[in-house]
Every structure is written in C-alpha cells, then in structure tokens.
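# Report on the structure
Residue strings, one per chain:
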Amino acid sequence: MSVNDFPPSSTSAAAPLGSSVIPIVNKLQDIFAQLGSQSTIELPQVAVVGSQSSGKSSVLEALVGRDFLPRGNDICTRRPLLLQLLQTKPSSDGGSDDEWGEFRHHGGKRFYDFSEIRREIEAETNRVVGENKGVSDQQICLKIFSPNVLDITLVDLPGITKVPVGDQPTDIEARIRTMILSYIKNPSCLILAVTPANSDLANSDALQIAGNADPDGHRTIGVITKLDIMDRGTDARNHLLGKTIPLRLGYVGVVNRSQEDILLNRSIKDALIAEEKFFLSRPAYSGLTDRLGVPQLAKKLNQILVQHIKALLPNLKSRISNALFATAKEYESYGDIKETRAGQGALLLNFLTKYCEAYSSTLEGRSKEMSTHELSGGARIHYIFQSVFVKSLEEVDPCEGLTDDDIRTAVQNATGPRSALFVPDVPFEVLVRRQISRLLDPSLQCARFIFDELIKISHHCMMTELQRFPVLQKRMDEVIGNFLHEGLEPAQAMIRDILEMEMDYINTSHPNFIGGTKAVEVAMQQVKSSRIPHPIARPKDTVEPEKASSSASQIKSLSFLGRQANGLISDQGVLAAADAEKSAPAGNTSWSGFSSIFRGSDGQASAKNNLLNKPLSEATQDVYQNLSTIYLKEPPTVLKSSENHSEQEAVEIKITKLLLKSYYDIVRKNVEDLVPKAIMHFLVNYSKRELHNVFIEKLYRENLIEELLKEPDEIAIKRKRARETLHILQQANRTLDELPLEAESVERGYRTGPEPKHEELPSSRRSRTDSNGYGRIHM
Ligand SMILES: Nc1nc2c(ncn2[C@@H]2O[C@H](COP(=O)(O)OP(=O)(O)OP(=O)(O)O)[C@@H](O)[C@H]2O)c(=O)[nH]1
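Under the annotation held in an unreviewed UniProt entry, the protein chain carries the name Dynamin-type G domain-containing protein and is attributed to Eutrema salsugineum. The UniProt entry for the protein chain carries the following comment under Sequence similarities (unreviewed entry): "Belongs to the TRAFAC class dynamin-like GTPase superfamily. Dynamin/Fzo/YdjA family."

Structural data, given as structure tokens:
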C-alpha cells in the first residue's frame, strides 16, 4: 500500500469546514447585513443524530476543532445544544481574545475559556433536568465567536436511548425521537447520522431516523465512529463502501478521542494525528482515503454547503436586482436638492407646469397613465353628463307629482270666481313652471359631481416627486380647491339662470311645441278611444251629431292654445270656433264642451225653464207659499274641487297634460344641452385654461419659494438611506456577477480527490491552516 492511498497528512489535509465558502458567504453576508437584518442568507444547520454514546459530540467537536462539549460513556447530551458559529474579524494582534462563547441564558457574558463553556453546558443541563439523567427538549443556545468559523448552526442532540434510566420517563425513546425529528425534518438541515462501528449498522438508530426525515438521502451523511475499538478481526470496509446499507452521500469513518484520551487531556490536534496514523496502519482501509477521517467529513460538508450556496445564487440575484430597481425608483422619487434661489424657482415652476400639463392631459384623455380597467379623467366627466345627468332627466315623467286632481284644481283656481269661458292658459304655465323647476336640483347636482371629479383628478395629478414637499403639495391642493370652487359658482349661477329663463318665459310659439290645436285634437281622440270600451256611456253618445259643433266651440274657447307653432292664431281654429258658436244649441248637455262653457248649465237651466214656462203670478205664489227659509251649510275651511270628474274635465286634464309634456320635453332638451355646456365652460375648460395662471399668481412668489420647497427631515433621511442602499445594491450586483465562477471553482476544489498542495490553497485558507500548524478544523 502506497502512502498516496491514505489521507494526506493533517497539516495539508485540513479542510476547514466552510473555509472555502467563507469568502463567498462573507461577501454575501456583508451585502445582506447592510440591507437590513431581514435579508440574510440561510445556511443549512448541521445536526448530529445517533444512539446514545455513539460519539456525536466527539464528531462535532472534532469538526469545530475546539474541546468544549461534555462527553462520556454515560448519557451526556440531555438537552439540544444549538451551537451558532459566528465569524468575527480577527484582531490586529491575533490574540486569544479573538475567540469566545456566549450563552443565551447568560446574556452578553463572554466565556474565553472553552473548558468553562463545557462546565456551563453541564450546569445549565442540570439546572433544567437535574443530575439524574433527565432529558428535555429545551435548547441551550451557545454562540461561538471566532474569526475562523463560518456562520453556521450546528445542533448536538440527545442520543436515542431505549431503556429509561434515572429520572427518565417510560416513553423516553419516543420523546427523544420526536425531538430529533423536529430538527432534521427541516429541508435545510444536513444530517450526520452517527453509528459506532462496534455496533450493527443494520440496526443503526441514526440511519433509521435519518431515513425517516430524508428518505431520498440528499442531505444525510453516514458517519461511522469508533473504528479503533472494533472487534479484533473485523473492519468497517464494507460499511464505508455502502455495501451494507447504501447511502446517496456515502459514509465517512472517523476515530475520535476515547474516554481515556479525554481523561488524559489529549488534544484534538493529537487526536487527529493519531487518527491519521490509525488509518495508515490498517490495510483494510486502503484505497478509501476519501471516506476516512474527520478532514474528509469536513470536506463532504463543505461540498454540500457550496451546493447550497450555488442553489441560492439565482434567487439572490433576482432579489438584488428587484431591490435595485425599486430603490433606484425610490431614490428618483426624492429628486435633487436645489441650493440656489434661481434653481429653486425653476424647480417650483417646473412642478407647477408639469402639474397643469398632467391636469389638462387627464381631462383631454392624453394621460400617459391611462387605465384600461376603468374610465378616468375626461371620460368620467362625459359619463356623468350622458349616463348620469341626461339619462336621469330622460327617465323623469313630465307629469310626475301631478295628479289629475291637481290639474283640475289648478284649472279651477285659474278661472277665479267665474266659470271660465275658455280653458285658461294660466294653469298650464303654472304647472309647467313647477315641473321645470324640478330640473334645477339635478342640474346643480351634476355641476357638483363634475366639481368632485375635478378634485379627484387634481389629487391624481400630484406627482410622486411632490411627496417630498408637503407644504407645496398642501398649498397646491388649497389653491386648486379654491380655484375650482370659484369655477363652480358661476357654473351654478349660470345653471340657475338657464332654469329661470326657462321658467320666466313659456314660449308656446316654440316650433317643437305641440300647440293648442293639436293638443285638443289628440285629447279628443284619446277621450273618444277611451270611451269605446264603455257602452254604458251611450246615453250621452246620443248627442254625437252635435259633437262636431261642440268641439268647434271648444276650439274657439281654447283659441289661446289654438295657435300654430308660429304664434299666429290658426284660421281653422278661429273659423271652427265661429261656426261652432252659431250652431251650438243653448242648454247643450253634451260632455264634449269645456267646463268653462258648459259647467253647471244642466240643472240650473232646467229649473229656470220650469219657472219661465209658468204665468208670473202663479209662479210667484208657488214660490212664496211653498218655500220655507233656506239655510246654507257652512263652507269647509279647506275647499277641494268637486270629486266628480265630468268628461269635459277629463278632456281639459288631457289637454293640459299633453301641453305640459310637450313643453317640458323642449325645456328638458335645452337643459340637457345647456347645463353640460355651462359646466364645461365655467368649470372644466376654465380650470384647464386658467390653472397655470392661478398657480403662478398664488404660488410662484419670491417670498414663498423657500417655504414651499421645504422638505421634511425624514425625506432627507430617506434620500440619504436610498442613496446608500442603492450603492450597496450596485456593489452586491457586481459581486454576484462574479460569484457563480467562484462558487464553481470552490466546488471543484472540493472534489473528494487528492488535496491541493499547500501552495495551491487560497491565501485565506493557507493562513488559517498555517496558524494552527496541525490543520485544526475550523468552520
Ligand atoms: N475509542 C473511541 N471512543 C470514542 C470514539 N468516539 C467517541 N468515543 C467515546 O465514546 C463516548 C461517547 O462519546 P460522545 O461523543 O459523548 O457520544 P455522544 O453520542 O455525544 O453521547 P450522548 O450525547 O451521551 O448521546 C466518549 O467517552 C467518547 O470518548 C471513537 O471514535 N473511538
């Protein structure tokens, strides 16, 4: 067997755990540390599992290279020990003060003596679980600070035991297994499954529990300890070759210090030399250099760490570039600081102009940030005009709120004390005015809606860069708010004027107005058609032949309405009225006249006729003999028009409604057209035209500039922080661009082949190895 078959000598073979990735990880840690506490790289934990006294603590210690863990034949690890290794910068003198331990339960107290650390672990274990072999899942947290370690967490776990001893509960095995699983089931936990060589590998608790947590074997390394105390004539060659139980990442055989070595205070340095000698002296292990010794174990762990870091890199890269983009944007939003008055003035003017441009663009639909999800800016204004305002007016019934009784009462009121000869135009005018007045509120409301929209647009136009000038932002907000109010007032005044104009003069000559003649005609037709299904009305129909003349009479009576749309009284109307007057018989009881002409004629006429037909003396006698004193009923306080509708009244109501509807439609169209025009002119377009001038007048003032451009302190701080972060991220980005190559080279350097010669080691590694002299295993 040649020397080359064996592990290289410890001085050159030392492969400090993580030393090769330290430069990479350090750079990354530095980057992330600067970015804040949350952005750190997660390195895997390394947990050692196995049955009691299998040598777990010894393996950990050998890996760390310091003698600080309680070890013994009896149960030693009775609480999980969370060992956080933290790299520190070496002091200039490289003194022993460079390395120390700190327990969480002792606050910031530093333990420079590692034997004292061991004693403290024992004392702290006893404090919680007593001295009689009790076990607990309560962690002991120990931090080891050293310039020679990689930031990584190691976990020493209690060994699996079967038979309860001392204060242990009956279910001790299940409890310990659960405790172990809670650590090793984490996918970023590397498992060192420790089995002593002097026990049966097929019955290994370590491999069994590791198999449960990591069935694919991607993160389990088999460690076989106590190769030195195997039965004479036996060896672990087949185990190490994976012939007994195959393991994806394979096995490493180690020889740790025996209990005797510990008692004799044999150092780890000596133990490593002894281990090397042991393997050299055992032919059974020839050709297995890559699986023998603590240095090889460290090498394997290094490989996995490098792979882990490599796997992290793409994600880190995208995190960095996202952060870079976001920070650059944030920094941009804080803008530059202008020192000179002229510069500040230009900046202010620039803001005001940009704001006004954004305002106009939004209104005109030229905004760059136009939404594809919802209407915005000018489109919302158009929507309010057409789909809210116009649509609502179109849906309004012109006679809403006007019952037939209302109309009848209005007609009767308009005729005053007389029975009117004609259907008067006053009620129509009164009623139509009343209906027109109802258009005022929605019109004013429409103006208010548009005002609210403009306020919204004004807020939307506040650029993000203005956030750093709250005073300016507030003043701009005030100015535009007042300015829009100033536009709202004339717009509303104009709307009131439009409605007042409409109410002030009822233009019955409007070309689209139905006119009286047509209204009468339509009303008559409607009444006629409504009578057809009511044969009960026949008796009155007997006067049908006279209807034409009666109708003519009506037409005359409505001559004020019987004008053509051009305002002239129609010939037809006048002539028909004249003819009708001639031909209409006195005492006509037809329904088809107007109340103004025929109202009350029936009963009164017949009584009068009876009296007139008798001789005067007879009649007088009758009267005075038969009549007693007549008492009138007191009239009620509130008088309502009679409840019985005559058909004439029905016609009158219909005519009035037709006229109302026709005229209301004309006014409604005017309002639908003019109100948006007034709002656009006085409010929307006015604000677009004048906003810039108003800003200049109110804000662009020499004496205001400084106050308006005053940044709050926090913005200055934020800008500074964003600039620093940006700088760090740019650095990080550059660093990460270099890293994949480094990581690959590191990985190649850790192929489990022959170690590079001393001179080939990276300087950082070489110096550490040299300083130890014996290749102490650092992390
Ligand atoms: N001869 C020899 N003894 C070893 C070896 N590894 C460990 N030991 C001894 O075995 C005993 C148990 O070792 P520990 O490292 O305490 O084992 P452990 O698995 O941590 O024990 P618990 O934490 O109590 O479960 C100690 O006396 C060690 O000195 C080895 O490779 N060879």
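So, about the site of the ligand. Residues in close proximity to the ligand total 24 residues, the closest being Lys56, Ser58, Cys76, Thr77 and Gln259. A distance of 2.6 Å separates an oxygen atom of the ligand from a polar atom in the side chain of Ser58. The separation between an oxygen atom of the ligand and a polar main-chain atom of Asn256 is 2.8 Å. Here the ligand loses 98% of its free accessible area of 640 Å² to cover by the protein chains.

It is worth spelling out unusual backbone geometry at this point. Comment: phi is negative for the bulk of residues other than glycine, and the bulk of peptide bonds are trans. Notably, Ser53 is not glycine yet its phi reads approximately 60 degrees, a positive angle. Secondary-structure assignment places Ser53 in the loop between β1 (45-50) and α3 (56-64). You can call Ser53 partly exposed: its relative accessible area is 24%. We note that Asn265 has phi near 60 degrees; this positive angle belongs to a residue other than glycine. As for its position among the elements, Asn265 is in the loop between α8 (259-263) and α9 (268-280).

With that out of the way, let us pick up the pattern of salt bridges. With the rule as written, the count across this model stands at 23 salt bridges. The partner of Glu173 in a salt bridge is Arg177, with the nearest N and O atoms 3.1 Å apart. With Glu173 and Arg177 both in helix α5 (residues 172-184), this residue pair falls four residues apart, about one helical turn. Looking at Glu173, the relative accessible area reads 24%, which means it is partly exposed. A relative accessible area of 17% places Arg177 in the buried class. With a closest N to O distance of 3.1 Å, Glu364 and Lys688 form a salt bridge. Linking Glu364 in helix α11 (residues 341-364) with Lys688 in helix α24 (residues 647-698), this pair joins segments that are 324 residues apart in sequence.

Hydrogen bonds along the backbone pair up the strands of a sheet, which may run parallel or antiparallel. Judged by pairing direction, the sheet is mixed, and its nine strands sit side by side in the order β4-β3-β5-β2-β6-β1-β7-β8-β9 without closing on themselves. The open sheet has two edge strands, β4 (110-111) and β9 (251-253), and neither has a second partner. Examined bridge by bridge, strand β3 (residues 100-103) and strand β5 (residues 140-146) share four bridges and lie antiparallel to one another. Bridging from a neighbouring strand, Phe103 pairs with Leu142 of β5. Relative to strand β6 (residues 152-156), α3 is tilted by about 155 degrees, and along the sheet it contacts β1, β2 (81-87), β6, β7 (189-196) and β8 (220-225). Contacting β1, β2, β6 and β7, α5 crosses the sheet at an angle of about 155 degrees to β1.

Criteria and cut-off values
- Position labels on residues start from 1 in each chain and follow its written sequence.
- Only residues with pLDDT of 70 or above have their local features reported here, since the model is predicted, and side-chain atom pairs are shown and tallied only from 80 upward, although totals for entire chains, interfaces and linings are computed over all residues.
- Calculation of side-chain values draws on the structure's entire complement of heavy atoms; hydrogens and water are dropped beforehand.
- UniProt positions are given in the numbering used here, feature names are shortened, and annotations may be inferred rather than shown by experiment.
- Nearness of a residue to a molecule or strand requires only that one of the residue's heavy atoms be within 4 Å of it.
- By the criterion applied in these results, polar contacts are pairs of N or O atoms within 3.5 Å in which, for protein atoms, one can donate a hydrogen and the other can accept it, and in which residues neighboring in sequence qualify only through two side-chain atoms.
- Using the Shrake-Rupley algorithm and a 1.4 Å probe, accessible areas are obtained, with residue cover drawn only from the displayed protein chains.
- Note on conventions: DSSP H or I runs of at least 4 residues are helices, E runs of at least 2 residues are strands, and numbering of each starts at the N terminus.
- Here's how the labels work: a residue is buried when its accessible area is under 20% of the maximum for its type, exposed when over 50%, partly exposed in between, all with a 1.4 Å probe on protein chains only.
- When a carboxyl oxygen of Asp or Glu is within 4 Å of a side-chain nitrogen of Lys or Arg, the pair counts as a salt bridge.
- In this scheme, strands are said to pair when DSSP sees at least two bridges between them.
- A contact between two residues is defined here by any heavy atoms of the two lying within 4.5 Å.
- Helix axes use the C-alpha atoms of the stretch in contact, all axes being lines fitted to C-alpha atoms, and the angles between their N-to-C directions lie in the range 0 to 180 degrees.

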